[in-house]
Amino acid sequence: MKHARLVRWVIFGCLGLLIAMAVVAGLGSRTAPLRQLVIETLADRLDSEVELGAFSVDTFPRVHITGAGLVIRHKNRRDVPPLVSIESFTVDAGLFGLWHRPRRFRTVTVTGLRVSIPPGGFKKDHDDTPDDDQGGPGAIVVDELIADNAALVLVPRRAGKEPKIFDIHHLTLTPLGKGEVMRYEAAITNPLPKGLVQASGTFGPWHRGDPGGTPLTGRYSFDNVDLSTVKGIGGNLTSTGSFNGQLDRIAVSGETRTPDFFVKVAGNPVPLETKFEAVVDGTDGDTYLNAVSGHFLSTSLDARGAVVGAEGVKGRTVKVHVKIADGRIEDILRLAVRGEKPVMRGQLALHADMNLPAGPADVMDRLGVNGELDVAAARFTDKGVQKKVSDMSERARGMDPDASHQNVASDLRAKFTLDRGVIRLRDASFAMPGATVRMAGSYGLFSEALEFDGTARMTATISQAAGGGIKGALLKVVDPIFRKDGAGAVLPLKIRGTRKEPKVGLNVGKVFGRD
């Protein structure tokens, strides 16, 4: 909820400005000395260095104050951007409202507001006083604050890095003042992923001694979100939801819809919908995902985790645990593997820990996954490959594949990791009637290269798998070579080549103990 942090600092700077304006309005229109009074009042009030360009006051028939070039800096800190800079401002009030307590201004309009938050936020060398003891020339209320063409700038820790800028197209607060519960409306461009956030709700009263305890409620919409601004993924996302709590603990619930979500390594779009419940720390932007449910194609998933800032690195680190209880392997393959037709279909169960470190690289180059999967009743979509699997199953049981023509299903279980675009399987078991294949190896999502080694354990011996007749009789001599710990044969296998042209063969070196 980046807009909440912006609102906080806008209020902080504007309250100090309004206090100075109240002094000005009470003293008349002697512009030159009053301009200096404004500078001194703001400097003392905000404990900062203040610069002010053009400034004028008109008190009849109403109070109208205009100014330009207002700059507020940390004391003795010319090495960092100003905390607050304002291109121009106007303040309007009726004379009657200024002679009563609290002093009331009708509107404050700010153009070109730029708030720069240094690494670690705004820090003071002294204790804040509580909100009900602010001092100054008296209580002030503004009926409406309007800020256009504003920006929130997050200054990076490391020199040479580009700052993160949130463009604030429009912001209104009504009313604005000490102890007030304010209503706000804001339209903000979120830079990554890029999209328009519109929010409205209530903010305050401001807890000056404990800013994180300031109450906040509202609803938001996040529209026209271009996911391709995050390297490695794409799609057009929209999100709506609500939030409430206080700045340092905002409870958020919402949903997202992406009709064309895709991972660029595969390029296959799928419709993705999610619902989520999270807690956001509005003081640093860290997000804790208590519950996320997602659905795409015929697969549903549940997730939980956190999105937190990374020390000295641009962006945030995402750590999520994902669970799929009843999904489809073809849906996962469509997201991760190139080609319009997935290589396999079957029922999927999966649980995995995902870690996406902060950084500018492509998502697939940063993403790390460690988990287990279980695919039941799997069949290959390529008819030629599926026939080979079915023939292997029948031969492994000593049957004639030309006579039975079965289309067998297989079960796959494996532990897997994904690192830098390479999937590695370990303890992988591929079971079918009559045979179990155990494999370990890797598949490159970018290169599509296959490199697996393992064994196929059959119910039948080599001679039985070859069928009857002379061929079967001749092969009986090699049955002892391939028989291990049982009656059936154990064949060492290797798979090489690519996804489009896999090469499966006997690992002759292991047969004779040379590999």
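What counts and what doesn't
Residues numbered from 1 in each chain as written. Predicted model: local features only at pLDDT ≥ 70, side-chain atom pairs only at ≥ 80, totals over all residues. Heavy atoms only, no water. Helix = DSSP H or I, 4+ residues; strand = E, 2+ residues; numbered from the N terminus. Polar contact = N/O pair within 3.5 Å; in protein donor to acceptor, adjacent residues only side chain to side chain. Contact = heavy atoms within 4.5 Å. Salt bridge = Lys/Arg side-chain N within 4 Å of Asp/Glu carboxyl O. Buried < 20%, exposed > 50% of the residue type's maximum accessible area, 1.4 Å probe, protein only. Core = buried A, V, L, I, M, F, W, Y, C linked by side-chain atoms within 4.5 Å. pLDDT = per-residue confidence, 0-100.

## Regarding unusual backbone geometry
Negative phi values dominate among residues other than glycine, just as trans dominates among peptide bonds. Geometrically, the link from Thr174 to Pro175 is a cis peptide bond, its omega value of -20° lying close to zero. Counting through the fold element by element, Pro175 comes out in the loop between β8 (164–174) and β9 (176–177). A positive phi angle, close to 55°, is found at Asn149, a residue other than glycine. Summarising the element assignment, Asn149 is placed in strand β7 (residues 140–154). Of note, the phi angle at Glu448 is positive, near 60°, even though the residue is not glycine. One can find Glu448 in the loop between β24 (435–444) and β25 (450–458).

## Overview of the side chain of Ser239
Locating Ser239 in the fold gives a position in strand β14 (residues 236–246). Within the structure, Ser239 has its side chain in polar contact with the side chain of Tyr220 (distance 2.9 Å). Excluding anything up to four places from it in sequence, Ser239 contacts Tyr220, Ser221, Phe222, Glu255, Thr256, Arg257 and Phe276.

## Digging into the pattern of salt bridges
Applying the stated criterion across every chain, the model contains eight salt bridges. Of the charged contacts in the structure, one is a salt bridge between Glu255 and Arg257, with a shortest N-O distance of 3.0 Å. In this structure, Asp427 engages Lys415 in a salt bridge whose closest nitrogen and oxygen atoms are separated by 3.9 Å. With Asp427 in strand β23 (residues 422–432) and Lys415 in strand β22 (residues 410–419), this pair connects stretches of sequence that are 12 residues apart. In this structure Lys415 comes out as partly exposed when scored by relative accessible area, which is 32%.

## Some points on the nonpolar core
One finds Phe89, Phe261, Leu373, Val375 and Met458 to be the most contacted residues of the largest nonpolar core, which totals 109 residues. Not counting residues within four places of it along the chain, the set of residues in contact with Val375 comprises Ile329, Met344, Gly346, Gln347, Leu348, Ser410, Asp411 and Leu412.

## Description of the confidence of the model for the chain
Averaged over every residue, the pLDDT of the chain is 81; residues scoring 70 or more account for 79%. When mean pLDDT is taken per element in the chain, strand β20 (residues 344–356) scores highest with 95 and helix α1 (residues 2–27) scores lowest with 51. Taken together, the stretch residues 25–30 has pLDDT below 50 and engages in nine contacts with residues farther than four places along the chain or on a different chain.

## What to know about the environment of Met432
If you trace the backbone, Met432 turns up in strand β23. Residue class for Met432 comes out buried when judged on its relative accessible area of 8%. Taking the C-alpha atoms as reference points, Met432 and Ala377, 55 residues apart in sequence, are found 9.3 Å from one another. Apart from residues no more than four positions distant in its own chain, Met432 is found in contact with Val389, Met392, Ser393, Ala409, Ser410 and Val437.

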